[in-house]
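Coordinate analysis (summary)
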Amino acid sequence: MQIYNQPPPSQWPALLKRPLINAPDLEATVGQLLQDVAQRGDTALRELTLRFDKVQLDALAVSSEEITEGARQVEPELQAAIQLAHDNIARFHEAQRQESIRIQTMPGVACWQKSVAIEKVGLYIPGGTAPLFSTVLMVGVPARIAGCQELVLCTPPQADGSINPVILYTAQLLGIDKIYKLGGAQAVAAMAYGTETVPAVNKIFGPGNQYVTTAKQIVSRGGVAIDMPAGPSEVLVLAGENANPDFIAADLLSQAEHGVDSQVVLLAFSAALAEQTLLAIERQLESLERAEMARVALQNSPAIVVQDRAAALHLINEYGPEHLILAMDDAEQFAEGIRNAGSVFLGHYTPESVGDYASGTNHVLPTNGYAKAYSGLNLDAFVKKITFQQLSPQGLRNIGPAVERMAEAEQLTAHRNAVSVRLKTL
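The structure reproduced in this document is the subject of the present report. Keep in mind the model is a prediction, meaning the values are calculated, not measured.

**With respect to the nonpolar core**
In terms of nonpolar packing, the biggest core is built from 42 residues, with V121, V136, I176, I179, F205, L377 and F382 touching the most fellow members. In contact with I179, not counting residues within four places along its chain, are L60, A61, V62, I67, L153, L168 and A171. One finds L26, L33, V55 and V198 within the second-largest nonpolar core, a separate group that totals 32 residues.

**Focus on the pairing of strand 2 (residues 101–106)**
Bridging between strand 2 and strand 3 (residues 109–117) involves five bridges; their strand directions are antiparallel. Its bridge partner being in strand 3, I103 is matched across the sheet by C111. Between the end of strand 2 and the start of strand 3, which pair antiparallel, lie two residues, with G108 showing a positive phi angle near 85 degrees.

**Details of the pairing of strand 5 (residues 150–155)**
Of all the six residues making up strand 5, six are buried; the element is thus mostly covered by neighbouring parts of the structure. A two-sided burial pattern is seen for strand 5, the buried positions comprising E150, V152 and C154 on one face and L151, L153 and T155 on the other. Judged from the five bridges that link them, strand 4 (residues 120–124) and strand 5 form a sheet pairing that is parallel. Of the residues in strand 5, the one forming a bridge with K120 is E150. Summarising the sheet, strand 5 and strand 6 (residues 178–181) pair through four bridges and their orientation is parallel. Opposite L153, over in strand 6, you have I179 as the bridge partner. Running through helix 7 (residues 165–173), the crossover from strand 5 to the neighbouring parallel element strand 6 is right-handed.

**Side note on the packing of aromatic side chains**
In this description, an aromatic ring pair is defined by two values, namely the gap between the centres and the angle between the planes. Scanning the entire structure with this criterion turns up four aromatic pairs. On the basis of an interplanar angle of 5 degrees and a centroid distance of 5.6 Å, the ring pair of W112 and F388 is categorised as stacked. With W112 in strand 3 and F388 in strand 14 (residues 383–391), the pair connects residues that are 276 residues apart, well separated along the chain. F388 sits in the partly exposed class, given a relative accessible area of 31%.

**A look at the sheet that holds strand 14**
Judged by pairing direction, the sheet is antiparallel, and its three strands sit side by side in the order 2-3-14 without closing on themselves. Looking at strand neighbours, the two that pair on one side only are strand 2 and strand 14, the edges of this open sheet. Sheet twist, expressed as the average angle between the axes of neighbouring strands with direction ignored, equals 20 degrees. For strand 3 and strand 14, the ladder comprises nine bridges, and the chain directions are antiparallel. When the bridges of strand 14 are listed, A110 appears paired with Q390. Against the sheet, helix 16 (residues 393–409) engages strand 2, strand 3 and strand 14, with an angle of about 95 degrees to strand 14.

**Here we look at the state of the cysteines**
With the rule as written, the count across this model stands at zero disulfides. Here C154 is not cross-linked by a disulfide; its sulfur's nearest cysteine counterpart is in C148, at 16 Å. A residue is classified by how much of its surface remains accessible, and C154, at 0% relative accessible area, is buried.

**Remarks on the environment of Y169**
Here Y169 shows up in helix 7. Given a relative accessible area of 10%, Y169 falls into the buried group. Between the C-alpha atoms of Y169 and F388, which are 219 residues apart in sequence, the distance is 41 Å. Sequence-distant contacts of Y169, defined by excluding residues within four places in its chain, comprise A71, V74, Q79 and I82.

**A few points about unusual backbone geometry**
Although it is not a glycine, N368 adopts a positive phi angle of roughly 55 degrees. Locating N368 in the fold gives a position in the loop between helix 15 (352–357) and strand 14. Judged by relative accessible area, which is 32%, N368 ranks as partly exposed. Positive phi is not limited to glycine here, since Q411 has a value of about 60 degrees. Tracing the backbone shows Q411 in the loop between helix 16 and helix 17 (413–423). Residue classification places Q411 among the exposed positions, given a relative accessible area of 70%.

Here is what the cut-offs are and how they apply
Residues numbered from 1 in each chain as written. Predicted model: local features only at pLDDT ≥ 70, side-chain atom pairs only at ≥ 80, totals over all residues. Heavy atoms only, no water. Core = buried A, V, L, I, M, F, W, Y, C linked by side-chain atoms within 4.5 Å. Buried < 20%, exposed > 50% of the residue type's maximum accessible area, 1.4 Å probe, protein only. Contact = heavy atoms within 4.5 Å. Pairing = 2+ DSSP bridges. Helix = DSSP H or I, 4+ residues; strand = E, 2+ residues; numbered from the N terminus. Right-handed = clockwise from strand over helix to strand, strands pointing away. Phe/Tyr/Trp six-rings, centres within 6.5 Å; stacked < 30°, edge-to-face > 60°. Axes fitted to C-alpha atoms, helices over the stretch in contact; angles between N-to-C directions. Disulfide = S-S within 2.5 Å.

If you want it as structure tokens, here you go:
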């Protein structure tokens, strides 16, 4: 990481530029892949899995025997940890249920709204560089709470063609049995279009690399909904006056190790603290299994010294980080000014890792600045809101003349007549 001392706001966009693949080339490449799967189905999926994952698959679907055997391999201590995370995530998302709204907008005119679960959902679980079984919880738990009827899970196969046992255990815990050995953009294509083996879904959930994110965005133009553009991971840490450099370094590295296209940003009020943090990063890198991957990500990651809190707040809201850590004594007070962030971690003892795994909040979050317009994954994403209305004869008398006049003003005579013919019978 390189330290930038109080750069002017005009330089922020260049310093905070995310490390993205050339967009036109990416779109064209992914578009061709999607078309291939749409046209050739399972055959294309097998060829693409061999090309990208170096695995020759006989069967795309994971059998019930494979699920049972894989789940058996998970040690009891990890099972208990997953159960704890499951329970916290379930509590938080269960609390997001909303009662149906029913009101009378005027005498005789009743309107109400009802939440209805999306019937078929696709769950994408990354596994290219790390088997993210925690994501199974993040997408599967709210899908179950919402009442989705069919859950289709896709995740990349390991080198031997199997699925990581912990992913299978977590899926089994949630009662998910439609599991397919598919990763990348081809998995998105399979769930969007359906193949001989993989059923098509109504909405696709889950994070992924830039290929997965681009694939989700392309299929969303054709009638398949997606949760959000959730691409390479990122974190911004604001280090207050009493922040611990070792804590901050660990938080930055926890995101840098996700992948070479991750980005981490350090904001500090003093150059001395920024320098201490960079030294702590170097010390901690030595013990990381994914140190080389983290080092590449750090090359695209700035440390910025800001003049004051106003500047820090302005920069944070301009950047719109996926994860925001406020390592400050008065973090909750400062957070009142946050407008753009996926998920916020307050104080010195709230590492981003707890949100990734077990606090209860969801770790599927908007990246690449999409936090300016998108929410993190929540229960509402798994339901549709259907509105209803019903008029009594008196209600039609009360509202009808206004509708007739409005329809006439828009020159929509049939709209007016639909009211008029009824009024004439009253």
